[in-house]
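Summary of structural features
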Amino acid sequence: DSGVTQTPKHLITATGQRVTLRCSPRSGDLSVYWYQQSLDQGLQFLIQYYNGEERAKGNILERFSAQQFPDLHSELNLSSLELGDSALYFCASSLAVGLQETQYFGPGTRLLVL
Amino acid sequence: GENVEQHPSTLSVQEGDSAVIKCTYSDSASNYFPWYKQELGKRPQLIIDIRSNVGEKKDQRIAVTLNKTAKHFSLHITETQPEDSAVYFCAATPGTGGGADGLTFGKGTHLIIQP
């Protein structure tokens, strides 16, 4: 158990819908990352937050957005869902930024878009 | 941006033999290189990492080597055991400067340990 929690574990929805994935980092970690894992694209970095502020963007679609709240939990919002958005979404956390800190991954949310 | 290439995509070895997985990266600013192990349906778990001021790091049966000049790094697993069967991912990130620490991952290597 990494100490990072994610809810829900599974999510089934329809094309065009909107979903919210939730992540709670390890106690004391200030930085949260979101990754998408799919068979064709592999593990891809989406976005990073540090202490409530967006820090870096990766291959995140405009239909996707995220935020980190004062209690440091983070939410990833996926809208206008398409079949190709079906994937495993992982959240990871680390203590700080820019210090080559280990990133600890949560158990993931498996999203299926029908 | 960073690009990480990983080879081979599948590796089958006899139990007790060694396994080597190789990665190359493109961004010379990268200086943090973790390796993750992922079992089917589970989260990636860090098994070892190396930073650019170190050429080699070892932890029991696992070792990682880094060649910054050639921009490649490798994972070595000795005396392989059935529980080593999993998908292994290499990754790279600059890790400093601006705090942009998103990892760029290789495509993964499916390691199969034959009994």
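Higher on the page you've got the structure.
Now for a description of the structure that goes with this document. Model, not experiment: these values are computed from the prediction. (Residues numbered from 1 in each chain as written. Chains lettered and ligands numbered in written order. Predicted model: local features only at pLDDT ≥ 70, side-chain atom pairs only at ≥ 80, totals over all residues. Heavy atoms only, no water.)

Notes on the overall build of chain A
Assigned secondary structure in chain A consists of zero helices and 11 strands. Scaling as 2.2 N^0.38, a compact globule of 114 residues should have a C-alpha radius of gyration of about 13 Å, and chain A matches this with 13 Å. Counting over 114 residues, chain A shows a buried share of 54%. Once local pairs closer than 6 in sequence are excluded, the contacts in chain A between residues at least 24 apart make up 55%. Split by element, the accessible area of chain A, about 5300 Å² in all, is 49% carbon and sulfur. (Helix = DSSP H or I, 4+ residues; strand = E, 2+ residues; numbered from the N terminus. Rg over C-alpha atoms; globule rule 2.2 N^0.38 Å. Buried < 20%, exposed > 50% of the residue type's maximum accessible area, 1.4 Å probe, protein only. Contact = heavy atoms within 4.5 Å. Areas by Shrake-Rupley, 256 points an atom, 1.4 Å probe, with all protein chains shown as cover.)

A short note on the overall build of chain B
Scanning chain B from N- to C-terminus turns up zero helices and 11 strands. The helix and strand sequence of chain B, counted from the amino end, reads β-β-β-β-β-β-β-β-β-β-β. Rg of the C-alpha trace for chain B: 14 Å, near the compact-globule value of 13 Å for 115 residues, within the 12% margin. In terms of its C-alpha atoms, chain B occupies a principal-axis envelope of roughly 45 × 30 × 20 Å. Relative to its 115 residues, chain B shows a buried fraction of 45%. Only carbon and sulfur atoms are counted for the fraction: they give 48% of the accessible area of chain B, which is about 5500 Å². Counting 11 positive and 13 negative side-chain charges, chain B places the averaged centre of each group 4 Å from the other. (Lys, Arg positive; Asp, Glu negative; His and termini not counted. Charge placed at Lys NZ, Arg CZ, Asp CG, Glu CD.)

Remarks on the side chain of Glu75(A)
Residues and elements named next belong to chain A. Assignment of secondary structure puts Glu-75 in strand β8 (residues 74-78). An unpaired buried charge is present at Glu-75: no salt bridge exists, and Arg-22, the closest side chain of opposite charge, is 4.0 Å distant. A polar side-chain atom of Glu-75 sits 3.4 Å from a polar atom in the side chain of His-73. Contact partners of Glu-75, with chain neighbours within four places excluded, come to Thr-20, Leu-21, Arg-22, Trp-34, Ser-65, Ala-66, Gln-67 and Phe-69. (Salt bridge = Lys/Arg side-chain N within 4 Å of Asp/Glu carboxyl O. Polar contact = N/O pair within 3.5 Å; in protein donor to acceptor, adjacent residues only side chain to side chain.)

Some remarks on unusual backbone geometry
Of all residues except glycine, most have a negative phi; of all peptide bonds, most are trans. Note the cis peptide between Thr7(A) and Pro8(A), where omega equals -10 degrees. With an omega of -5 degrees, the peptide bond running from His7(B) to Pro8(B) counts as cis. Relative to the helices and strands, Pro8(B) resides in the loop between β1 (4-7) and β2 (10-14). Positive phi, close to 80 degrees, is recorded for Leu72(A), a residue that is not glycine. A positive phi angle, close to 45 degrees, is found at Ser80(A), a residue other than glycine. Mapped onto the secondary structure, Ser80(A) falls in the loop between β8 and β9 (87-94). For Ser80(A), a relative accessible area of 41% gives the class partly exposed.

Concerning the interface of chain B and chain A
On the chain A side, the residues contacting the 23 residues of chain B number 26 residues. Of the roughly 1800 Å² buried between chain B and chain A on both sides combined, carbon and sulfur atoms contribute 51%. Three residues stand out in chain B for area buried against chain A, namely Arg43(B), Asp101(B) and Phe105(B), and they jointly supply 27% of the buried area on that side. The interface formed by chain B and chain A contains four residue pairs in polar contact (both at pLDDT 80 or more). At the level of elements, β4 (32-38) and β5 (45-51) of chain B are the ones that each hand at least two residues to the side of chain B that touches chain A. Per-class residue counts for the side of chain B that touches chain A are nine nonpolar, eight polar and six charged. (Buried area = accessible area lost by both parts, 1.4 Å probe. Nonpolar A, V, L, I, M, F, W, Y, C, P; charged D, E, K, R; others polar.)

A short note on the sheet that holds β1(B)
Residue and element names in this part refer to chain B. Ordered in space as β1-β3-β8-β7-β6, the five strands form an open sheet in which the pairing is antiparallel. Single-partner strands in this sheet number two, and they are β1 and β6 (56-59). This sheet shows a mean twist of 15 degrees between the axes of neighbouring strands, independent of strand direction. In this structure, strand β3 (residues 19-25) lies alongside strand β8 (residues 72-77), joined through six bridges in antiparallel fashion. Each bridged residue has a counterpart across the sheet, and for Ile-21 the counterpart in β8 is Leu-75. (Pairing = 2+ DSSP bridges. Axes fitted to C-alpha atoms, helices over the stretch in contact; angles between N-to-C directions.)

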